[in-house]
Amino acid sequence: MFSARIMIIEDEVLIAEDLSDIIQSLGYEVVAVCYHPEEAVAAYRKHLPDLVLLDINLQDDIDGIDLASKLSSIVPAHVLYISSYTDTATLARAKITQPLGYIAKPFEEKDIYVGVEIALNNIQRMTTANSTTSGPQLDLSVLTDRELEIVDCILRGLTNKQIATDVFLSVNTIKTHLKNIYEKLDVHTRTELVVKIK
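Scoring rules and cut-offs
Residues numbered from 1 in each chain as written. Predicted model: local features only at pLDDT ≥ 70, side-chain atom pairs only at ≥ 80, totals over all residues. Heavy atoms only, no water. Phe/Tyr/Trp six-rings, centres within 6.5 Å; stacked < 30°, edge-to-face > 60°. Helix = DSSP H or I, 4+ residues; strand = E, 2+ residues; numbered from the N terminus. Buried < 20%, exposed > 50% of the residue type's maximum accessible area, 1.4 Å probe, protein only. Axes fitted to C-alpha atoms, helices over the stretch in contact; angles between N-to-C directions. Parallel < 35°, antiparallel > 145°, perpendicular 65-115°, else oblique. Left-handed = near helix turned anticlockwise from the far one by under 90°. Contact = heavy atoms within 4.5 Å. Nonpolar A, V, L, I, M, F, W, Y, C, P; charged D, E, K, R; others polar. Polar contact = N/O pair within 3.5 Å; in protein donor to acceptor, adjacent residues only side chain to side chain. Pairing = 2+ DSSP bridges. Core = buried A, V, L, I, M, F, W, Y, C linked by side-chain atoms within 4.5 Å.

Under the counting rule described, the total for this entry stands at one aromatic pair. A centroid spacing of 6.0 Å and a plane angle of 55° characterise the contact between Tyr-81 and Tyr-102, whose relative ring orientation is tilted. Highlighted residues: Tyr-81 in strand E4 (residues 79–83) and Tyr-102 in strand E5 (residues 101–104), separated in sequence by 21 residues. Of the residues examined, Tyr-81 reaches a relative accessible area of 0% and is grouped as buried.

In structure tokens, the structure reads:
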């Protein structure tokens, strides 16, 4: 068992609190509990959790499956879905995001325990496999929120001018941020940054 940092995205407060209590009783850190997609994106950027427990029906403009894709566009997300939806169409959509598991509601504490333990075991195995094949992993937690926003723009293929427009800064300020990002992550080019993140 490694010291996992887990984020919960669930629109029902009582269920979110229950999940948080269960996760903490397993000895893991809950870095954020979010009830809406917008706050979830901000919290994900800030904490970059090891695992995201994600409800599919968020009673919002986007559902949990769309949110998982949005989170993965920042940094690939390790998702464990928790949902009362078990129909074929929902499962097919969920599978596209390559989750580490799917727990059907209503759930019991042991369901969460098993799901989280299996998901974290798979994450640990993937991380170990990646570190032996691709060298050291980038630690994005050293970046500021603004720098993470710029990295997201780079991953979307934007130019410095497009990034400046997107985040309302000057091109020179973007260049300064890029210099800081490169130094913090010990990379020298955009390509190297993208390759190491993906």
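Still to come is the rest of the account.
The next thing to look at is the packing of helix H6 (residues 145–155) against helix H7 (residues 160–167). When two helices pack together, their arrangement is given by the angle between their axes and by how far apart the axes lie. The N-to-C vectors of H6 and H7 enclose an angle of 130°; their axes lie 10 Å apart at closest approach. When the interaxial angle is binned, H6 and H7 end up oblique. The interaxial crossing formed by H6 with H7 has right-handed handedness. The segment H6 lies against H7, with Arg-146, Glu-149, Ile-150, Cys-153 and Ile-154 engaging Ile-163, Asp-166 and Val-167. In the contact of H6 with H7, the residues fall into five nonpolar, no polar and three charged.

The next subject is the side chain of Glu-10. Mapped onto the fold, Glu-10 is located in the loop between strand E1 (5–9) and helix H1 (13–25). Judged by relative accessible area, Glu-10 falls into the buried class, the value being 1%. Engagement of the side chain of Glu-10 in a polar contact is seen with the backbone nitrogen of Glu-12, the distance being 3.0 Å. Only 2.8 Å separates the side chain of Glu-10 from the side chain of Lys-105, close enough to count as a polar contact.

Let us now look at the sheet that holds strand E2 (residues 29–34). Strand order across the open sheet formed by five strands is E2-E1-E3-E4-E5, with parallel pairing between neighbours. With partners counted over all chains shown, the strands left at the sheet margins are E2 and E5, one partner each. Across this sheet, the average inter-strand angle for adjacent strands is 20°, counted without regard to direction. Summarising the sheet, E1 and strand E3 (residues 51–55) pair through four bridges and their orientation is parallel. Pairing of Ile-6 across the sheet is with Leu-51, part of E3.

If you trace the backbone, Cys-34 turns up in strand E2. A C-alpha to C-alpha distance of 14 Å links Cys-34 and Tyr-81, two positions 47 residues apart in sequence. When residues no more than four places from it in sequence are discounted, the contact partners of Cys-34 are Met-7, Ile-8, Ile-9, Glu-10, Glu-39, Ala-40 and Ala-43.

At a minimum axis separation of 10 Å, H6 and helix H8 (residues 171–185) run at an interaxial angle of 95°. One way to sum up the angle between H6 and H8 is to call them roughly perpendicular. On the side of H6, the interface is formed by Arg-146, Glu-147, Ile-150, Val-151 and Ile-154, while H8 contributes Ile-174, His-177, Leu-178, Asn-180, Ile-181 and Lys-184. Looking at the contact of H6 with H8, its residues break down into six nonpolar, two polar and three charged.

All right, on to the nonpolar core then. The biggest cluster of nonpolar side chains holds 45 residues, and the ones touching the most others in it are Met-7, Ile-9, Tyr-44, Leu-54, Leu-140 and Leu-193. With near-sequence residues (within four places) excluded, Leu-193 lies in contact with Leu-138, Val-151, Ile-154, Ile-181, Tyr-182, Leu-185 and Val-187.

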